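Take a look at the letters that make up each chain.
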Amino acid sequence: MQEESEKKFKRSDERKGSTRKNIRFDDDLVEKIDADRKEQPFSEWVKDACWKKLKK
């Protein structure tokens, strides 16, 4: 869970209920994701993969 102090520093144009995180992906991982996701947006594919991992 995020602490309250983190939440109040969101920019005014940020969406409520979500947090932006910048992460770095290995090039070979991005290539494999791109090959698998077809027309699905990259971020949607990654979020779906995260939810699947958390359900295990």
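Anyway, here's the lowdown on the structure attached to this text. (Residues numbered from 1 in each chain as written. Predicted model: local features only at pLDDT ≥ 70, side-chain atom pairs only at ≥ 80, totals over all residues. Heavy atoms only, no water.)

## Considering the overall build of the protein chain
Test applied: Helix numbers and strand numbers start at the N terminus; a helix is a DSSP run of H or I with at least 4 residues, a strand a run of E with at least 2. Categorising residues by exposure relies on relative accessible area from a 1.4 Å probe, with only protein chains included: less than 20% of the type maximum marks a residue as buried, more than 50% marks it as exposed, and the intermediate range marks it as partly exposed. Shrake-Rupley sampling with a 1.4 Å probe provides the accessible areas, and residues are treated as covered by the protein chains on show and by no other component.
Within the protein chain, the secondary structure is distributed over 3 helices and 0 strands. Shown N-terminal to C-terminal, the secondary structure of the protein chain runs as helices and strands in the order α-α-α. In the protein chain, buried positions account for 4% of the 56 residues. Carbon and sulfur atoms form 50% of the exposed surface of the protein chain, whose accessible area is close to 5900 Å².

## Some remarks on the pattern of salt bridges
Condition: A side-chain nitrogen of Lys or Arg and a carboxyl oxygen of Asp or Glu constitute a salt bridge if their distance falls within 4 Å.
Applying the stated criterion across every chain, the model contains 2 salt bridges. One salt bridge connects D48 with K52, and the closest N-O pair in it is separated by 3.3 Å. You can see D48 and its partner K52 sitting in helix α3 (residues 42-55), 4 residues apart, about one turn around the helix. Residue classification places D48 among the partly exposed positions, given a relative accessible area of 33%. Taking the relative accessible area as the measure of exposure, K52 reaches 54% and is therefore exposed.

## Comments concerning a positive patch on the surface
Operational definition: Patches here: salt-bridge-free residues with over 30% relative accessible area, like charges joined within 9 Å, nonpolar side chains (Val, Leu, Ile, Met, Phe, Trp, Tyr) joined within 5 Å. For the charge count, each Lys or Arg is scored as positive and each Asp or Glu as negative, with His and the chain ends excluded. In this description, the location of a charge corresponds to atom NZ of lysine, CZ of arginine, CG of aspartate or CD of glutamate.
Side chains of K10, R15, R20 and K47 sit close together on the surface and give a patch of like positive charge. The residue K47 is located in helix α3 in this model. Taking relative accessible area as the criterion, K47 reaches 49% and is therefore assigned partly exposed.

## What to know about the packing of aromatic side chains
Our working definition: Between rings of Phe, Tyr and Trp, where Trp is taken as its six-membered ring, a pair exists when centres lie within 6.5 Å; planes separated by under 30 degrees are stacked, by over 60 edge-to-face, and by other angles tilted.
Under the defined criterion, the tally for this structure stands at 1 aromatic pair. Taken together, a centroid distance of 5.3 Å and an interplanar angle of 85 degrees make the contact between F25 and F42 edge-to-face. In this pair, F25 sits in the loop between α1 (4-7) and α2 (27-37) while F42 sits in helix α3, placing the two residues 17 residues apart along the sequence. Judged by relative accessible area, F42 falls into the partly exposed class, the value being 25%.

## Some points on unusual backbone geometry
Even without being glycine, K38 reaches a positive phi, approximately 55 degrees. Here K38 lies in the loop between α2 and α3.

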